[in-house]
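Residue-level structure breakdown
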Amino acid sequence: IHLYRAKVTPPSRHNCVKGLKSFDRFFYVVKGEINIHNQSGTDVKAPAGTVVYLPSDVEYTSFWSDFEAGEYITLQFILKDDENRHLALSDSSVVIAKDKNGELHSLFSAAYDEYIRHEAFAGVRLNQLFFEVFHKIIKRYNRSLYKEQAGSSGVYKAIIHINDHF
């Protein structure tokens, strides 16, 4: 697990090319609004307080709103199944949670602070915080979509794997 925090001054555009990232990310928008155009043609608009899932090895273009500076915290991770295959939650960038009460922001900030301090047993604490973030996101995940796609959803497969191997 790795974390990164940055401030962005608009206009800021980023092209993520296939093969560039070998990890998935939970991308928490602290300030501003980011727009993501997936290669599949879908668009994601994520204002402050939104968590976007950015899968590894996917092409997209992102840009921040021209009106205000942006800030984000990204939590980088990779989930694998028993056969060491990547467990993706989605095959494109998608809004996965909205943080209405600041609970996710607190967890992302705590994880980033822990990552920067890197004290003894920081890895254990980072894993704990990752699973707390993951749990909170799953609780907020659109339950109708979850039930509808339970057999094939990447989120469902990841939940089952984590439950079986916690």
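In this report, the structure presented in the accompanying data block is examined. (Residues numbered from 1 in each chain as written. Predicted model: local features only at pLDDT ≥ 70, side-chain atom pairs only at ≥ 80, totals over all residues. Heavy atoms only, no water.)

What follows concerns the overall build of the protein chain. Tallying secondary structure elements over the protein chain gives 4 helices and 9 strands in all. In the protein chain, the succession of α and β elements from N to C terminus is β-β-β-β-β-β-β-β-β-α-α-α-α. Within the protein chain, the proportion of its 166 residues that are buried is 45%. Here the analysis covers contacts within the protein chain between residues at least 6 apart in sequence; of these, 78% occur between residues at least 24 apart. Accessible surface for the protein chain amounts to roughly 9300 Å². Of this, 50% is attributable to carbon and sulfur atoms. (Helix = DSSP H or I, 4+ residues; strand = E, 2+ residues; numbered from the N terminus. Buried < 20%, exposed > 50% of the residue type's maximum accessible area, 1.4 Å probe, protein only. Contact = heavy atoms within 4.5 Å. Areas by Shrake-Rupley, 256 points an atom, 1.4 Å probe, with all protein chains shown as cover.)

F26, V51, L75, I96, F108 and I137 are the most contacted members of the largest nonpolar core, which totals 25 residues. Taken together, the elements giving at least two residues each to this core come down to β3 (24-31), β6 (50-54), β8 (70-77), β9 (94-98), α1 (103-117) and α2 (122-140). For this core, the leading source of residues is α2, giving 7 residues. Non-local contacts of F108, meaning those with residues more than four positions away in its chain, are made with L3, F26, Y28, V51, I73, L75 and V133. In terms of nonpolar packing, the next biggest core, distinct from the first, is built from 14 residues, V8, I34, L54 and Y60 among them. (Core = buried A, V, L, I, M, F, W, Y, C linked by side-chain atoms within 4.5 Å.)

Although it is not a glycine, N84 adopts a positive phi angle of roughly 65 degrees. On the secondary structure map, N84 appears in the loop between β8 and β9. Given the relative accessible area of 55%, N84 is considered exposed. Unlike most non-glycine residues, F121 shows phi in positive territory, near 65 degrees. Structurally, F121 can be placed in the loop between α1 and α2. The class of F121 is exposed, set by a relative accessible area of 70%.

Before going further, it helps to examine the packing of aromatic side chains. Per the counting criterion, the structure on display carries 12 aromatic pairs. For the ring pair Y28 and F108, a centre distance of 5.3 Å and an interplane angle of 40 degrees mean the geometry is tilted. Taken as a pair, Y28 in strand β3 and F108 in helix α1 lie far apart in primary sequence, 80 residues in all. For the pair Y28 and F108, a shared accessibility class is recorded, and that class is buried. One aromatic cluster is present, built from ring pairs that chain together F26, Y53, F77, F130, F131 and F134. (Phe/Tyr/Trp six-rings, centres within 6.5 Å; stacked < 30°, edge-to-face > 60°.)

Relative to the assigned elements, S109 resides in helix α1. A relative accessible area of 14% means that S109 is categorised as buried. For the pair S109 and T74, spaced 35 residues apart in the sequence, the C-alpha separation amounts to 10.0 Å. When sequence neighbours within four positions are dropped, the list of residues in contact with S109 reads R5 and I73.

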